Amino acid sequence: MAIKDLFMVQLGSENPWGTLVTPTVKLHGITDCTITPIVESEQVEEYRGSLAPGYISTVQKTGAEASLDGVVLYEDIPYLLDSLFGQAVPTSGGVFLYDRAYAAPLGAVPSSPRIFSLYYGDVGNDYAGSGMEVTELGITGESNGKYEFSASLLGKAVTASGIAAMADRTVVVAQGNDTTLYIDAFGGTVGTTEIATTAFSFDLAINSNRAAKYHLGNKAPDAVRDAKWEGTLS
């Protein structure tokens, strides 16, 4: 019998999209994970001289979706940000060991978003979602408190697969005590106008409105398409 306390969440970076790969990193700080297969079927109502509700059914659509909740870690949150915004190139220097610049898309869809094989469970009791991409991400934080996140993902398929044995890593929790707030003029240089001793909490919500693409010849999606984004910051 599976013991949920022994469950893990692991990721592997896919290329091409939808091809399950071996996990390479064990995420830390995860407080909840759900991987859900999408299976849409339809029963055909027909005249067959019977009062049975139906004899013929079809599977119309398959896919995958997932949700992740947890604590924001400096080492792990870039995986989700890379999937949502496209992979950022880390640069050393400044206050942080590495800086990563992310921006919402304007004239083109995000370039090279990170695509995951997402594993959840323990050895012998695990499932994996292939082709997983972040579609929504929320981050909250407050003074004297830790950052927390909630993410939604969609993908190609859910299968029973092999989770790997991995060692723990050293990680650092993002906290309100570490935060400096800057509010700059639109179109100006970001990070130049510090607003000190004013804010005590924030709530950031980003929705990419991504959706799976379906075509003739397959019940499963063959890609993910982008659309106009939505976002709020309070």
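Note that the structure is a prediction, hence the values are computed from the model and not measured.

### Focus on the environment of Asn-144
In this fold, Asn-144 is placed in the loop between strand S8 (125–142) and strand S9 (148–155). For Asn-144, a relative accessible area of 69% puts it in the exposed group. As for Asn-144 and Asn-177, which are separated by 33 residues in sequence, their C-alpha atoms are 5.8 Å apart.

### Quick notes on the confidence of the model for the chain
For the chain, the average pLDDT comes to 92, and 97% of its residues sit at 70 or higher. Mean pLDDT across the elements of the chain bottoms out in strand S6 (residues 98–99) (80) and peaks in S9 (98).

### With respect to the environment of Val-123
With respect to the secondary-structure elements, Val-123 resides in the loop between strand S7 (116–122) and S8. Considered as a pair, Val-123 and Ala-165 are 42 residues apart in the sequence and their alpha carbons are 8.1 Å apart.

### As for the pattern of salt bridges
Within the structure shown, the criterion is met by 7 salt bridges. We note a salt bridge from Asp-82 to Arg-114, for which the minimum N-O separation is 3.2 Å. Taken together, the positions of Asp-82 in helix H1 (residues 77–85) and Arg-114 in the loop between S6 and S7 put the pair 32 residues apart, joining distant regions of the chain. For Glu-133, the salt bridge is made with Arg-210, and the minimal N-O distance between the two is 3.9 Å. Here Arg-210 lies in the loop between strand S11 (201–207) and strand S12 (211–213) and Glu-133 lies in strand S8, a separation of 77 residues in the sequence. On the basis of relative accessible area, Arg-210 is assigned to the buried category, the value being 6%. Linked by salt bridges that have partners in common, Glu-133, Arg-210 and Asp-226 make up one network.

### Details of the side chain of Arg-210
A distance of 2.7 Å separates a polar side-chain atom of Arg-210 from the backbone oxygen of Leu-84. Not counting residues up to four positions away in its chain, the partners in contact with Arg-210 are Ser-83, Leu-84, Pro-110, Pro-113, Glu-133, Val-134, Thr-135, Leu-154, Val-224, Arg-225, Asp-226 and Trp-229.

### Regarding the side chain of Glu-133
Taking the relative accessible area as the measure of exposure, Glu-133 reaches 5% and is therefore buried. Side chain to side chain, Glu-133 and Trp-17 meet in a polar contact 3.4 Å long. Not counting the four nearest positions on each side in its chain, Glu-133 is found in contact with Trp-17, Ser-83, Pro-113, Arg-114, Ile-115, Ser-152, Leu-153, Leu-154, Arg-210 and Val-224.

The rules we used
- Residues numbered from 1 in each chain as written.
- Predicted model: local features only at pLDDT ≥ 70, side-chain atom pairs only at ≥ 80, totals over all residues.
- Heavy atoms only, no water.
- Helix = DSSP H or I, 4+ residues; strand = E, 2+ residues; numbered from the N terminus.
- Buried < 20%, exposed > 50% of the residue type's maximum accessible area, 1.4 Å probe, protein only.
- pLDDT = per-residue confidence, 0-100.
- Salt bridge = Lys/Arg side-chain N within 4 Å of Asp/Glu carboxyl O.
- Polar contact = N/O pair within 3.5 Å; in protein donor to acceptor, adjacent residues only side chain to side chain.
- Contact = heavy atoms within 4.5 Å.

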